Protein chains: 2
Amino acid sequence: MREFKRKSRVLLIDDNADHLRGVKELVTLESSYDVVGATTSANIGINLAKKYRPDIILMDINMPEKDGLQAIQEIEKLDMDIKVIALSGYDDSDLIFRAMKLGAKGYILKTMASAQLIYAMDEVASGKVYLPTALTSRFFEYFQSSFKEDANKSAEENLLSYLTAREEEVLDLLTQGNNYKGIAGKLFISETTVKTHVNNIFQKLQVNDRTQAVLYALNNGFANRRHHRAAV
Amino acid sequence: MREFKRKSRVLLIDDNADHLRGVKELVTLESSYDVVGATTSANIGINLAKKYRPDIILMDINMPEKDGLQAIQEIEKLDMDIKVIALSGYDDSDLIFRAMKLGAKGYILKTMASAQLIYAMDEVASGKVYLPTALTSRFFEYFQSSFKEDANKSAEENLLSYLTAREEEVLDLLTQGNNYKGIAGKLFISETTVKTHVNNIFQKLQVNDRTQAVLYALNNGFANRRHHRAAV
DNA sequence: TTTGTCTTACATCTTTAGATTGAGATATCC
DNA sequence: GGATATCTCAATCTAAAGATGTAAGACAAA
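Attention here is on the structure that accompanies the text. (Residues numbered from 1 in each chain as written. Chains lettered and ligands numbered in written order. Predicted model: local features only at pLDDT ≥ 70, side-chain atom pairs only at ≥ 80, totals over all residues. Heavy atoms only, no water.)

### Considering the nonpolar core
Right, on to step 1. One finds Phe139(A), Tyr107(B) and Phe139(B) to be the most contacted residues of the largest nonpolar core, which totals 67 residues.
Right, on to step 2. Per element, the largest residue contribution to this core is 6 residues, and it comes from helix H6 (residues 133–152) of chain B.
Right, on to step 3. Once residues lying within four places of it in the same chain are set aside, the contact partners of Phe139(A) are Ile96(A), Phe97(A), Met100(A), Leu131(A), Phe139(B), Phe140(B) and Phe143(B). (Core = buried A, V, L, I, M, F, W, Y, C linked by side-chain atoms within 4.5 Å. Buried < 20%, exposed > 50% of the residue type's maximum accessible area, 1.4 Å probe, protein only. Helix = DSSP H or I, 4+ residues; strand = E, 2+ residues; numbered from the N terminus. Contact = heavy atoms within 4.5 Å.)

So, in structure tokens, the structure goes:
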């Protein structure tokens with residue numbers, strides 16, 4: 001089965017020449033991967049990526065010359081469907097979070113067994129995202145803590161909870177940049193009625209104008225309270 | 001080893017009585033878990049949680065009466081260190097994302113093997129976050145796509161890049177809810193000058209009023225561009 | 001039935017916001 | 001030196017937003 005599959009083209013970027021050599025040997029031994037480039041420079045790596053269009057990049061993100069995270073971002077911007085796997089010596093949750101946020105498809109510790117690196121590459125090559133279990137936990141630790149403030153605000157202190165259903169609808173339209181006329185048209189009510197609702201919203205949210213109301217809504221999880229939306 | 005460990009107390013919430021019974025039997029068979037409660041009502045479940053302080057809650061999030069996600073949020077608000085594992089029939093990435101965002105420590109599909117449920121409980125009981133590999137991929141799919149717009153927008157299409165330094169300062173103050181007078185006072189310039197800047201901002205961002213300008217700024221990574229901030 | 005909340009609506013008035021035009025002072029680039 | 005861009009300020013005008021008070025109909029709960 002695997003023989004019929006096209007080999008995945010891999011580019012290696014690691015400022016540590018020794019480690020770079022080691023990984024290169026390791027990957028070269030795998031029949032399903034071709035190493036199309038290996039460099040100790042992030043900048044050169046980005047250029048090689050443009051030139052050779054690899055399927056996967058193994059990127060050390062702890063480099064002095066150029067921040068590896070920045071390199072990931074630049075590669076993602078190319079929009080060439082290159083899957084970046086971050087290599088790092090640290091299991092720092094902030095680093096993991098930022099790498100994944102920038103679009104990395106995997107994050108592997110240098111101390112991990114080489115078999116795990118290959119496994120990660122297999123997973124990523126097949127279109128999945130791969131994080132070792134331990135790092136997934138780390139990631140969520142950070143991810144959830146960054147939302148905790150929002151979620152933990154009790155109903156009493158979240159002024160949004162005082163809004164009526166209709167007021168929420170109006171506020172929702174406000175957070176989409178509508179003026180009175182636009183809201184009136186969308187809700188099929190008169191403009192003066194909208195003014196009434198908006199004024200009530202101001203009172204309840206303790207703000208002075210629509211911009212502040214919108215900001216309050218966005219900063220206090222209004223999107224979650226209502227239907228869907230990206231909300232990140 | 002496992003004998004010496006205190007049993008984990010588990011609360012089950014699932015509006016489907018049959019499934020609830022099945023899970024209860026399954027968990028009861030495990031020597032390391034005690035089922036301290038089982039109910040088909042989310043509201044009753046929340047009260048049971050307050051009363052019995054379980055270590056883990058298995059929560060069905062597809063319930064008609066009360067939204068399971070909302071229930072998770074309420075339990076998290078209790079701040080009682082209860083680990084919630086979401087049970088769902090769907091591997092919808094939006095659902096997974098929202099559940100994890102609200103603080104769920106795991107997400108299991110009802111169709112998954114019972115062994116996997118127990119494994120997830122073991123992991124979560126030991127303080128980890130557990131997501132089956134397939135769902136982790138789903139999660140990151142959603143997670144990364146929600147950041148893609150921000151990161152991938154090239155400078156040319158991001159209208160924010162056309163703003164001058166001063167205009168960015170003004171916009172920054174706009175995104176804090178200031179009116180003309182407030183901005184003028186903070187920048188030590190006249191109100192009319194602020195009006196000029198604001199009007200130029202409107203032109204460049206192609207919007208009609210300050211609320212739309214603020215929304216454009218927030219939706220296009222303006223915070224990142226300036227001083228960082230949580231940004232999640 | 002009464003009480004209360006919500007939704008709708010209008011009038012009136014004051015204050016901001018926004019559009020437009022013009023212009024002087026600096027700094028930079030070529 | 002001249003073109004260009006930025007930052008500053010002003011006057012003027014129109015449109016929109018916001019504050020305040022009043023009130024009627026619907027509906028649910030007490």
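After presenting the structure, the write-up continues.
### As for the protein's contact with DNA strand C
Right, on to step 1. DNA strand C sits among 17 residues. The nearest are Thr164(A), Arg166(A), Ser190(A), Asn179(B) and Asn199(B).
Right, on to step 2. A breakdown of the atoms of DNA strand C within 4 Å of the protein gives sugar and phosphate a share of 69%.
Right, on to step 3. Contact between DNA strand C and Thr193(A): a phosphate oxygen at 3.1 Å from a side-chain N or O atom of the residue.
Right, on to step 4. It is helix H9 (residues 191–205) of chain A that contributes the most residues to the surface near DNA strand C, 4 residues altogether.
Right, on to step 5. Each residue belonging to the surface near DNA strand C can be placed in one class, and the counts come to 4 nonpolar, 9 polar and 4 charged. (Near = heavy atom within 4 Å. Polar contact = N/O pair within 3.5 Å; in protein donor to acceptor, adjacent residues only side chain to side chain. Nonpolar A, V, L, I, M, F, W, Y, C, P; charged D, E, K, R; others polar.)

### Description of the pairing of strand S4 (residues 83–88) of chain B
All names here are of chain B.
Right, on to step 1. The buried fraction of S4 amounts to 6 of the 6 residues, a majority that puts the element mostly inside the structure.
Right, on to step 2. Sheet analysis places strand S3 (residues 56–60) next to S4, joined by 5 bridges and oriented parallel. Within S4, the position partnered with Ile57 by the bridge is Val84.
Right, on to step 3. Here S4 pairs with strand S5 (residues 106–109) via 4 bridges, running parallel. Bridging from a neighbouring strand, Ser88 pairs with Leu109 of S5.
Right, on to step 4. What joins S4 to S5 is helix H4 (residues 93–101), and the crossover it makes is right-handed. (Pairing = 2+ DSSP bridges. Right-handed = clockwise from strand over helix to strand, strands pointing away.)

### A word on the relation of the copies chain B and chain A
Right, on to step 1. Rotating chain B by 179° about the axis while translating it 2.0 Å along that axis superimposes it on chain A, leaving an RMSD of 2.7 Å.
Right, on to step 2. Taken as a fraction of all interface residues of chain B, those also at the interface in chain A reach 97%, which identifies the copy contact as same-surface. (Least-squares fit on C-alpha atoms with pLDDT ≥ 70 in both.)

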